[in-house]
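Per-entry structural report
Here's the letter readout for the chains.
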Amino acid sequence: MSVERPARRWVFVGGVGVLCGALLAWLFWSLTGGAVAALVIGALTASILVVLAIGGGRYNQNFQVTVERRAEALAKRERVRKAIEETHHPK
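What you see is a predicted model; the values in this text were computed from it and never measured. (Residues numbered from 1 in each chain as written. Predicted model: local features only at pLDDT ≥ 70, side-chain atom pairs only at ≥ 80, totals over all residues. Heavy atoms only, no water.)

Time to look at the overall build of the protein chain. Scanning the protein chain from N- to C-terminus turns up three helices and zero strands. Taken over C-alpha atoms, the radius of gyration comes to 22 Å for the protein chain, far larger than the 12 Å a tight globule of 91 residues would show. Overall, the C-alpha framework of the protein chain stretches about 70 × 40 × 15 Å when taken along its three principal axes. Split into buried and exposed, the 91 residues of the protein chain put 12% on the buried side. Once local pairs closer than 6 in sequence are excluded, the contacts in the protein chain between residues at least 24 apart make up 58%. Charge separation in the protein chain, taken as the distance between the mean sites of 12 positive and 6 negative side-chain charges, equals 7 Å. (Helix = DSSP H or I, 4+ residues; strand = E, 2+ residues; numbered from the N terminus. Rg over C-alpha atoms; globule rule 2.2 N^0.38 Å. Buried < 20%, exposed > 50% of the residue type's maximum accessible area, 1.4 Å probe, protein only. Contact = heavy atoms within 4.5 Å. Lys, Arg positive; Asp, Glu negative; His and termini not counted. Charge placed at Lys NZ, Arg CZ, Asp CG, Glu CD.)

Below is the structure:
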């Protein structure tokens, strides 16, 4: 089973989140000596970024561009363009 490009992107984002959390925990621990506080701060930072990565991956899965969605978006864009033109140039 091959891993798609968007999935790899979000795995990378989650990995960076865990790395940043660990780095922040280490920095906090080395500066203050508070191991518990460092672990809490690092875990919270990592969890925020991991949750964002999971959300991004799910967003990419659920909202793939299809022919129907592209047609709907183009029709909506055209309606908006016409409405803007009508407000700027009343008849």
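Let us keep going from here.
Overall, the predicted model of the protein chain reaches an average pLDDT of 85, with 91% of residues at or above 70. Element-level pLDDT for the protein chain is lowest in helix α1 (residues 5–32), with a mean of 86, against a maximum mean of 91 in helix α3 (residues 67–88). (pLDDT = per-residue confidence, 0-100.)

With that settled, consider the pattern of salt bridges. Under the criterion given, the structure shown has two salt bridges. A salt bridge links Glu 78 to Arg 81; its shortest N-O distance comes to 2.2 Å. Of this pair, Glu 78 and Arg 81 both sit in helix α3, three residues apart, roughly one helical turn. Relative accessible area serves as the criterion here: at 32%, Glu 78 is assigned to the partly exposed category. Judged by its relative accessible area of 37%, Arg 81 falls in the partly exposed class. Residue Arg 81 pairs with Glu 85 through a salt bridge whose shortest N-O separation is 2.4 Å. One end of the pair is Arg 81 and the other is Glu 85, both in helix α3 and four residues apart, which spans about a single turn. On the basis of relative accessibility, which here comes to 39%, the residue Glu 85 falls in the partly exposed class. A network of salt bridges, in which partner residues are shared, links Glu 78, Arg 81 and Glu 85. (Salt bridge = Lys/Arg side-chain N within 4 Å of Asp/Glu carboxyl O.)

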